[in-house]
Amino acid sequence: MTDKATLTIGDKSYDLPILKGSTGPDVVDVRKFYGDSDLFTFDPGFTSTASCESKITYIDGDAGILLHRGYPIDQLAEKSSFLEVCHLLLNGELPTAEEFAKFEHNITYHTMLHAQFDSFFQGFRRDAHPMAIMTGAVGALSAFYADSLNVDDPKQREISAHRLIAKMPTIAARAFQYSVGRPFVTPRNELSYSENFLRMCFSVPAEDWVPNPVLTRAMDRIFILHADHEQNASTSTVRLAGSSGAHPFACIAAGIACLWGPSHGGANQEALEMLEEIGTVENIPAYVQGVKDKKYKLMGFGHRVYKNFDPRAKVMQKTCYEVLEQLGINDPLLEVAMELEKVALSDPYFIDRKLYPNIDFYSGITLRAMGFPTNMFTVLFALARTVGWISQWKEMFEDPSRKIGRPRQLYTGATQRDYAPFENRG
Ligand code: SDX
């Protein structure tokens, strides 16, 4: 492969270096192109644009491959734990036993929130969407950690990462408990990360809470599946917010806001509500026709990068079966989901557009079976993705060529004209 591209415009030619990755597409470096040509490149939605260099996650959309620091997602989901994956994403390597023990201790001892912070939730109505609470709460947490503003200090960056990974379950559980009117539950240091979260969500003071190892493992695996995903919309939001040197908690709040959208992390809630709307297998053909008539999208299907099965969807489907079996639940929506998947995968409309189930298609059925209401699904996604967001944010600060992100535009508005008083308008 050549090491440069030559762009010829009229009688001028521009040599653009080609930068090679360790795997996946190489890139044409256009950083100097505007300075040389007085032309911008144009790519709304970034369908053909690499926004940064990264070593964290690699996706091969055609082959349906997802690697975190080189490790395939199905192996991590099967053999690792969410906290171990957090260490891997943050630091680049699987930890030794000693490194893991130290990391787990650091996270465990940052799970509590400032006592004054609990009153923050009282400002919300009880029926506030938990994602609205998460966006506000995580942003507000920046007021409690002024030291984290020193983003150029690697030690402060590490402490911010640990605080965020540790406190997100406590905040998420509070958002849930507040919405259902139950008292807040304090984390317990003897519990694992996912056990602690499930206890903070589902325990009540009136009785002892007994962990269910199958549900704990399923929760941990669901967190692993959602941990990071290259330069998706919410990660790009965190990077862009962070590029100005903003407080890391405020940057994560921006990521939460972006993830909430139905085209992104909000799709898990929308996908379950879609299955509920379809209701029975008999209604699938009419619903699919509505998709083909472009009345609405098939939620939990399609992806900007995956043009094959989302490897996370396969693990999510397996986890769904395990949870439903463990709980003895026969959810009719699972039958609807499986039939809808079969119909869509055999229909040319979806085949031609390379639309396959993504991670959001089966997650809703699983989470509902575990006792979460649909409006908590994206909160769980945000909880898990926090490690991806903060790992990418940290990597950006470790890049010596870091600059504030400032895209340009193709301007098609009014050219210069003079102000006109009322009498000269209309
Ligand atoms: C996540 O980026 C990430 O990595 C995200 C994520 C992560 O981990 O961070 O993986 C998490 O966000 C998963 C995606 C969850 N969203 C959904 O399930 C919502 C439904 N999906 C679509 O909205 C859509 O597939 C997107 C937004 C995910 C991707 O859209 P693109 O890449 O911009 O593709 P497109 O909209 O240009 O679609 C191409 C064609 C269009 O048809 P035509 O105009 O060519 O006729 O496919 C159609 C679209 O109408 N299409 C769909 C469809 N998705 C795309 N048609 C029906 N149902 C769908 N779901």
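Residues numbered from 1 in each chain as written. Predicted model: local features only at pLDDT ≥ 70, side-chain atom pairs only at ≥ 80, totals over all residues. Heavy atoms only, no water.

A. Region of the structure containing the packing of aromatic side chains. Within this structure, the stated rule accounts for 24 aromatic pairs. When the ring of F82 is compared with that of F223, the centres are 5.4 Å apart and the planes differ by 55°; the resulting orientation is tilted. Taken together, the residues F82 in helix α3 (residues 82-91) and F223 in helix α9 (residues 213-225) connect sequence positions 141 residues apart. Taken individually, F82 and F223 each receive the classification buried, so the pair is uniform in this respect. When the ring of F301 is compared with that of F361, the centres are 5.0 Å apart and the planes differ by 90°; the resulting orientation is edge-to-face. Of this pair, F301 sits in the loop between α13 (284-292) and α14 (311-327) while F361 is found in helix α17 (residues 360-369), placing the two residues 60 residues apart along the sequence. Taking the relative accessible area as the measure of exposure, F361 reaches 1% and is therefore buried. The rings of F82, F176, Y193, F197, F202, F223 and F372 are connected pair by pair, giving a single aromatic cluster. (Phe/Tyr/Trp six-rings, centres within 6.5 Å; stacked < 30°, edge-to-face > 60°. Helix = DSSP H or I, 4+ residues; strand = E, 2+ residues; numbered from the N terminus. Buried < 20%, exposed > 50% of the residue type's maximum accessible area, 1.4 Å probe, protein only.)

B. Highlighting the site of the ligand. As a matter of local geometry, the ligand sits amid 23 residues, with H229, K294, H303, R312 and R385 nearest to it. The contact in question runs from an oxygen atom of the ligand to an N or O atom on the side chain of R312, over 2.7 Å. The separation between an oxygen atom of the ligand and a polar side-chain atom of R353 is 3.2 Å. Calculation on the ligand without its partners gives an accessible area of 1100 Å², and the protein chains cover 75% of this total. The class makeup of the residues in the shell around the ligand is 8 nonpolar, 8 polar and 7 charged. (Near = heavy atom within 4 Å. Polar contact = N/O pair within 3.5 Å; in protein donor to acceptor, adjacent residues only side chain to side chain. Areas by Shrake-Rupley, 256 points an atom, 1.4 Å probe, with all protein chains shown as cover. Nonpolar A, V, L, I, M, F, W, Y, C, P; charged D, E, K, R; others polar.)

C. Representation of the sheet that holds strand β2 (residues 12-19) in the model. With antiparallel pairing, the 3 strands of this open sheet are ordered in space as β1-β2-β3. If you trace the sheet from one side to the other, it starts and ends with β1 (4-9) and β3 (27-28), each paired once. In this sheet, β3 lies alongside β2 in antiparallel orientation, the contact comprising 2 bridges. Each bridged residue has a counterpart across the sheet, and for I18 the counterpart in β3 is V28. (Pairing = 2+ DSSP bridges.)

D. Main features of the pattern of salt bridges. Under the definition given, this model contains 20 salt bridges. Among the salt bridges present, the one from K4 reaches D15, with a minimum N-O distance of 3.1 Å. Of this pair, K4 sits in strand β1 while D15 sits in strand β2, and the two are 11 residues apart along the sequence. Using a relative accessible area of 40% as the deciding quantity, one classes K4 as partly exposed. With a relative accessible area of 46%, D15 lands in the partly exposed category. Note that R174 and D118 form a salt bridge whose closest N and O atoms lie 2.8 Å from each other. On the criterion of sequence distance, the pair formed by R174 in helix α7 (residues 154-180) and D118 in helix α5 (residues 118-121) is long-range, its members being 56 residues apart. (Salt bridge = Lys/Arg side-chain N within 4 Å of Asp/Glu carboxyl O.)

E. Expanded view of the nonpolar core. In this structure, F197, M219 and F372 are the most contacted members of the largest nonpolar core, which totals 109 residues. Tallying contributions element by element places helix α18 (residues 377-397) first for this core, with 13 residues. The contact partners of M219, leaving out residues within four places of it in the chain, are S194, F197, L198, L367, M370, F372 and L380. (Core = buried A, V, L, I, M, F, W, Y, C linked by side-chain atoms within 4.5 Å. Contact = heavy atoms within 4.5 Å.)

F. Quick look at the side chain of H162. With respect to the helices and strands, the residue H162 is situated in helix α7. Relative accessible area serves as the criterion here: at 7%, H162 is assigned to the buried category. Each residue touching H162, except ones within four places of it in the same chain, is listed here: F103, N106, I107 and H110.

G. The arrangement of the sheet that holds strand β5 (residues 65-68) in detail. On the basis of which strands lie adjacent, the open sheet formed by 3 strands has the order β4-β5-β6 and antiparallel pairing. For this open sheet the edge positions go to β4 (57-60) and β6 (71-72), each flanked by a neighbour on one side alone.

H. Representation of the pairing of β5 in the model. Direction of pairing for β4 relative to β5: antiparallel, over a ladder of 4 bridges. Following the sheet pairing, T57 is matched in β5 by H68. Between β4 and β5, which pair antiparallel one after the other, the connecting turn spans 4 residues, and G64 there sits at a positive phi close to 70°. Of the strand pairs in this sheet, β5 and β6 are connected by 2 bridges, and their pairing is antiparallel. Each residue of the ladder has a partner; that of H68, found in β6, is Y71. Here β5 folds back onto β6, and the loop between the two strands holds 2 residues, one of which, R69, carries a positive phi near 50°.

I. Geometry of α3. With 8 of 10 residues buried, α3 lies mostly within the body of the structure. Along α3, the residues classified as buried are F82, L83, V85, C86, H87, L88, L89 and L90. G92, located one to two residues past α3, shows a positive phi value of around 95°.

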